[in-house]
Amino acid sequence: MKTDYQQILEELYHVIKVKPDAGQVAPYIPELAEIDPSKFGVHLAATSGEQSGIGDHREKFSIQSIGKVLSLTLAFQQRGEVLWDRVGVEPSGNPFNSLWQLEYEKGKPRNPLINSGAIVICDMLCTLYDDPLTELLAFVRKISGNEEISCNKQVAASEKKLGFRNAALINLMKSCHNIDNEIDEVMDLYYHMCSIEMSCEELANTFLLYANHGKLVTTGEPVITSSMAKRINAIMQTCGFYDEAGEYTFKVGLPGKSGIGGGIVAIHPGSYAVAVWSPRLNAKGNSVKGMQLLETLTSKTGLSIF
Ligand code: GLU
């Protein structure tokens, strides 16, 4: 029987919306701290072409760390397997901006979805392109099928001004010879990548690529190989939720990535991509209501990868 995603999302949305508010919006830059914490939206895009959504699902927000998956995808498409010489594929079990493990492991980040790993990926893109931000945005616009996707320059500037730990991470990696380009150039790309804005609808449609074995659902064009899509899904599953990836996998059972803007995107390979946005975060940096909604979605539909 065909699953009626719209009906399921509506039901879950209303149940979770009225649950007691827990958590806090990300406090560390003013642009994120000022977001209305009651925002809540969810959108599901199916590989069959079906679109379902409710709430603030068409309102743009800062995708933050979710962008790390997109920059990884472009670098992996361009560089292939050699990428893994400079960044690992193990969960870190540590906060996303942790320094101690990086020093202990001589400047090679555990994985591309923590800050240090995403910074190394940005360094690779700076080596590949004269104008890496333009190339990254062109890539994101292509896979999203939306020419309007853009960054928020004010968010990027704010982050750059206050990104003391990220500055420490890149300096440490530079001292270990794992950064080739100028620190300023790499961090500029990193912060702009984090400041990309999308709605749940746009995010779900962008991430449909990973549910469709690396091919665009709209045209069938392969963007990455199915093996690359499988690997990126595996990294999202094991590393996509800061130091809460185990808990998320236990509860939701789908590859996904969260960002401190309150967004989460999750993929059911072969079936759908779903994006949810609620700005209040738990202590680990993941959206409280976002996690609740995805947990209930996979429990209710019985559709998880496990
Ligand atoms: N721009 C944030 C940082 O670099 C990303 C945080 C996140 O969403 O995990 O700290």
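Residues numbered from 1 in each chain as written. Predicted model: local features only at pLDDT ≥ 70, side-chain atom pairs only at ≥ 80, totals over all residues. Heavy atoms only, no water.

**As for the packing of helix α7 (residues 153-162) against helix α9 (residues 183-194)**
Two measures define how a pair of helices packs: the angle their axes make with one another and the distance between the axes.
Okay, step 1: At a closest axis distance of 8 Å, the pairing of α7 and α9 adopts a crossing angle of 130 degrees. With respect to α9, the element α7 is oriented oblique. Here α7 and α9 pass one another in a crossing that is right-handed. Listed contacts from α9 to Lys153, Ala156, Glu159 and Lys160 of α7 are Asp184, Asp188, Tyr191, His192 and Cys194.
Okay, step 2: Among the residues making up the contact of α7 with α9, the classes are represented as three nonpolar, one polar and five charged. (Axes fitted to C-alpha atoms, helices over the stretch in contact; angles between N-to-C directions. Helix = DSSP H or I, 4+ residues; strand = E, 2+ residues; numbered from the N terminus. Parallel < 35°, antiparallel > 145°, perpendicular 65-115°, else oblique. Left-handed = near helix turned anticlockwise from the far one by under 90°. Contact = heavy atoms within 4.5 Å. Nonpolar A, V, L, I, M, F, W, Y, C, P; charged D, E, K, R; others polar.)

**Comments concerning the pattern of salt bridges**
Okay, step 1: Enumeration according to the criterion identifies 14 salt bridges in this entry.
Okay, step 2: One salt bridge connects Lys39 with Glu59, and the closest N-O pair in it is separated by 3.0 Å. A residue pair is termed long-range when its members are at least 10 positions apart, and Lys39 in the loop between α2 (30-33) and β1 (41-46) and Glu59 in the loop between β2 (51-55) and β3 (61-62) qualify at 20 residues.
Okay, step 3: Of the charged contacts, one joins Asp180 and Arg86 as a salt bridge, the two residues approaching to 3.5 Å between their closest N and O atoms. Of this pair, Asp180 sits in the loop between α8 (164-175) and α9 while Arg86 sits in the loop between α3 (67-79) and α4 (100-104); the two residues are 94 residues apart in sequence, bridging distant segments of the chain.
Okay, step 4: What emerges from the salt-bridge pattern is a single network uniting Arg86, Asp123 and Asp180. (Salt bridge = Lys/Arg side-chain N within 4 Å of Asp/Glu carboxyl O.)

**Here's the deal with the sheet that holds strand β8 (residues 272-277)**
Okay, step 1: What the five strands build is an open sheet, ordered β2-β1-β8-β7-β6; its pairing is antiparallel. Looking at strand neighbours, the two that pair on one side only are β2 and β6 (256-258), the edges of this open sheet. This sheet shows a mean twist of 5 degrees between the axes of neighbouring strands, independent of strand direction.
Okay, step 2: Bridge count for β1 against β8 is six bridges, and the pairing is antiparallel. (Pairing = 2+ DSSP bridges.)

**Digging into helix α5 (residues 115-128)**
Okay, step 1: The end-to-end C-alpha separation of α5 is 20 Å, in line with the 20 Å expected for 14 residues at 1.5 Å each.
Okay, step 2: Within α5, 12 of the 14 residues are buried, leaving the element largely enclosed by the surrounding structure.
Okay, step 3: For α5, every residue scored as buried is listed here: Asn115, Ser116, Gly117, Ala118, Ile119, Val120, Ile121, Cys122, Asp123, Met124, Leu125 and Cys126.
Okay, step 4: Packing partners of the buried residues in α5 comprise α3, α4, α6 (132-144), α8 and α9. (Expected span 1.5 Å × (residues − 1). Buried < 20%, exposed > 50% of the residue type's maximum accessible area, 1.4 Å probe, protein only.)

**Thoughts on the sheet that holds strand β4 (residues 150-151)**
Okay, step 1: The strand order β3-β5-β4 describes an open sheet built from three strands, whose pairing is antiparallel. Strand pairing shows two members of the sheet lacking a second neighbour, β3 and β4, which therefore form its edges.
Okay, step 2: The pairing of β4 with strand β5 (residues 196-198) spans two bridges and is classified as antiparallel. Within β5, the residue paired with Cys151 across the bridge is Ile196.

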